[in-house]
Amino acid sequence: MALHRIFRAVVTGPPGSGKGTVSSRITKTFGLKHISSGDILRANINARTELGLLMKSCIDQGQLIPDDVMSRLILSDLRATDQSSWLLDGFPRTVTQAEALDDTCSVDTVINLNVPFQTIKQRLTSRWTHLSSGRVYNIDFNPPKVPGLDDVTGEPLVQRDDDTPETVTHRLKAYETQTEPVLEYYSQTHTLHSNFDPVLFAQSSWFPA
Ligand SMILES: Nc1nc2c(ncn2[C@@H]2O[C@H](COP(=O)(O)OP(=O)(O)O)[C@@H](O)[C@H]2O)c(=O)[nH]1
Ligand SMILES: Nc1ncnc2c1ncn2[C@@H]1O[C@H](COP(=O)(O)OP(=O)(O)O)[C@@H](O)[C@H]1O
C-alpha cells in the first residue's frame, strides 16, 4: 500500500509502550522510512566512538541524551531524506527537540501510545532485541519462532542493558518530567492522535501480521 504524497509522522509514548513495534508495522504497510532514535544511538554505541561511549553511559542510567547532541544526530538524517515519507520513533522526547523538529520540517501527524506504567514494567523485562536490526520480541506477546534467535538472521537475541527494573524506573521518571510536556506542545500545534490503541490497530482487518 503506497502513499501518493510525502507524509511525515511522529510516534511518541513512554519507554516500552510499543513505539518500535507499531512503527515497524506502519512503515511496512505504507512503505515509509522508519527512523528510530534508539536504533541510531545503539548503532553509534556499537561503532565504539567517543560520543557513543558517552551516549551509553546516559542510556544505561536511564537519562535522556542532551538535546543538542540528539537534535544534531536526528535532524541531519532527516535533511538527507528530504524527498521521502518517514515515521519518526523516539524523537522528539523534549519540547526543545519538538521545536527543533518544527524548525526543520513539517510533521503531518503525531501518534501517542498510552500504556500504563505497570504494564510497561512487565513488557520491558520480557523484551528481547536483535540489536543490529532493532527487531524486538516478547516472550508473551510476540515470541521468536526459535527461542532466543532472531526470525530473519537466526542471530542471538539479547536483553538490553537499560531494561533492568531499576533503569526502567529512571526512564519512566524522565518520561514524566521531560517527555509528557511534548504532548501538551503537540496538542496545541498539530493533529495529535492521543488515544491510539496499538492492540485495536493490530487487530484491524487490513493490518498485515
Ligand atoms: N502485550 C503486548 N506487548 C507488546 C505490545 N506492543 C509491543 N509489545 C512488546 O512490548 C515490548 C516493548 O515494545 P517496543 O516496540 O520495543 O516499545 P518501545 O520501547 O516503545 O519502542 C516488546 O517486547 C514488544 O514485543 C502490545 O500491544 N501488547
Ligand atoms: N529523542 C531522544 N532524546 C534523548 N534521549 C533519547 C532519545 N531517543 C532515545 N534516547 C535515549 O535512548 C534510550 C533508548 O531509547 P529507545 O530505544 O527509544 O527506548 P525506549 O522507548 O524503549 O525507552 C532512551 O532511554 C534515552 O536514553
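Please read these numbers as outputs of a predicted model, since none were measured by experiment. (Residues numbered from 1 in each chain as written. Chains lettered and ligands numbered in written order. Predicted model: local features only at pLDDT ≥ 70, side-chain atom pairs only at ≥ 80, totals over all residues. Heavy atoms only, no water.)

Could you give me a rundown of the UniProt feature "binding site: AMP" (unreviewed entry) in the protein, with the residues and numbers involved?
UniProt's entry tags S37, R42, Q63, L64, I65, G90, F91, P92, R93, Q97, R160 and R171 with the feature "binding site: AMP" (unreviewed entry), counted in the numbering of this structure. The greatest C-alpha distance among the residues just named is 24.7 Å, and with 135 residues of sequence between them they are spread in space as well. Mapped onto the elements of the fold, F91 is located in the loop between strand 3 (86-89) and helix 5 (95-104). Every residue in contact with F91, bar those within four places of it in the chain, is listed here: V10, S37, M70, S71, I74, L75, Q97 and L101. Once you skip the residues sitting within four places of it in the chain, Q97 turns out to touch I65, D67, M70, S71, F91 and P92. (UniProt positions renumbered as here; feature names shortened; annotations may be inferred. Helix = DSSP H or I, 4+ residues; strand = E, 2+ residues; numbered from the N terminus. Contact = heavy atoms within 4.5 Å.)

Account for the packing of helix 2 (residues 37-46) against helix 4 (residues 67-79), naming residues and giving values.
Running from amino to carboxyl end, helix 2 crosses helix 4 at an angle of 105°, the nearest separation of the two axes being 11 Å. Considering the angle they form, helix 2 stands roughly perpendicular to helix 4. For the pair helix 2 and helix 4, the contacting residues are S37, I40, L41 and N44 in the first and M70, L73, I74 and D77 in the second. Split into classes, the residues belonging to the contact of helix 2 with helix 4 amount to 5 nonpolar, 2 polar and 1 charged. (Axes fitted to C-alpha atoms, helices over the stretch in contact; angles between N-to-C directions. Parallel < 35°, antiparallel > 145°, perpendicular 65-115°, else oblique. Nonpolar A, V, L, I, M, F, W, Y, C, P; charged D, E, K, R; others polar.)

Please give an account of the site of ligand 2 that cites residues and values.
Taken together, 19 residues are adjacent to ligand 2, and K19, S37, R42, Q63 and R171 come closest. One nitrogen or oxygen atom from the side chain of R42 is found 2.9 Å from an oxygen atom belonging to ligand 2. The contact in question runs from an oxygen atom of ligand 2 to an N or O atom on the side chain of R127, over 3.1 Å. Here ligand 2, which alone exposes 540 Å², has 96% of that area covered by the protein. (Near = heavy atom within 4 Å. Polar contact = N/O pair within 3.5 Å; in protein donor to acceptor, adjacent residues only side chain to side chain. Areas by Shrake-Rupley, 256 points an atom, 1.4 Å probe, with all protein chains shown as cover.)

Let's hear about the side chain of H130: which residues, and what values?
Looking at where H130 falls in the secondary structure, it is placed in strand 5 (residues 127-130). A polar atom in the side chain of H130 sits 3.3 Å from the side chain of T153. Not counting residues within four places of it along the chain, the set of residues in contact with H130 comprises R135, D150, T153, E155, P156 and L157.

Describe the packing of helix 4 against helix 5, with residues and values.
One can describe the packing of helix 4 onto helix 5 by two numbers: an axis separation of 10 Å at closest approach and a directional angle of 25°. On the basis of their axis angle, the class for helix 4 and helix 5 is roughly parallel. Here helix 4 and helix 5 pass one another in a crossing that is right-handed. Side by side, helix 4 and helix 5 meet where D67, M70, S71, L75, L78 and R79 of the first sit next to T96, Q97, A100, L101 and T104 of the second. Broken down by class, the residue content of the contact of helix 4 with helix 5 amounts to 5 nonpolar, 4 polar and 2 charged. (Left-handed = near helix turned anticlockwise from the far one by under 90°.)

Can you break down the site of ligand 1 residue by residue, with the values?
Not every one of the 15 residues close to ligand 1 is listed here, only the nearest: K19, G20, T21, R127 and N142. Note that an oxygen atom of ligand 1 is positioned 2.8 Å from one of the backbone N or O atoms of K19. A distance of 2.6 Å separates an oxygen atom of ligand 1 from a polar atom in the side chain of T21. Its free accessible area being 580 Å², ligand 1 has 88% of it covered by the protein chains. Counting only elements with at least two residues in the shell around ligand 1, the list comes to helix 1 (19-30) and strand 6 (135-138). When grouped by side-chain class, the residues that make up the shell around ligand 1 number 5 nonpolar, 7 polar and 3 charged.

So, the nonpolar core: which residues are in play, and what are the values?
The biggest cluster of nonpolar side chains holds 27 residues, and the ones touching the most others in it are I65, L78, W86, L88, L101 and Y186. For this core, the elements supplying multiple residues, two or more each, are helix 2, helix 3 (50-60), helix 4, strand 3, helix 5 and helix 7 (165-189). The contacts of L101, once residues within four sequence positions are left out, are V10, L75, L78, W86, L88, F91, P92, V107 and Y186. In this structure, A9, V11, L87 and L113 belong to the second largest nonpolar core, which totals 8 residues. (Core = buried A, V, L, I, M, F, W, Y, C linked by side-chain atoms within 4.5 Å. Buried < 20%, exposed > 50% of the residue type's maximum accessible area, 1.4 Å probe, protein only.)

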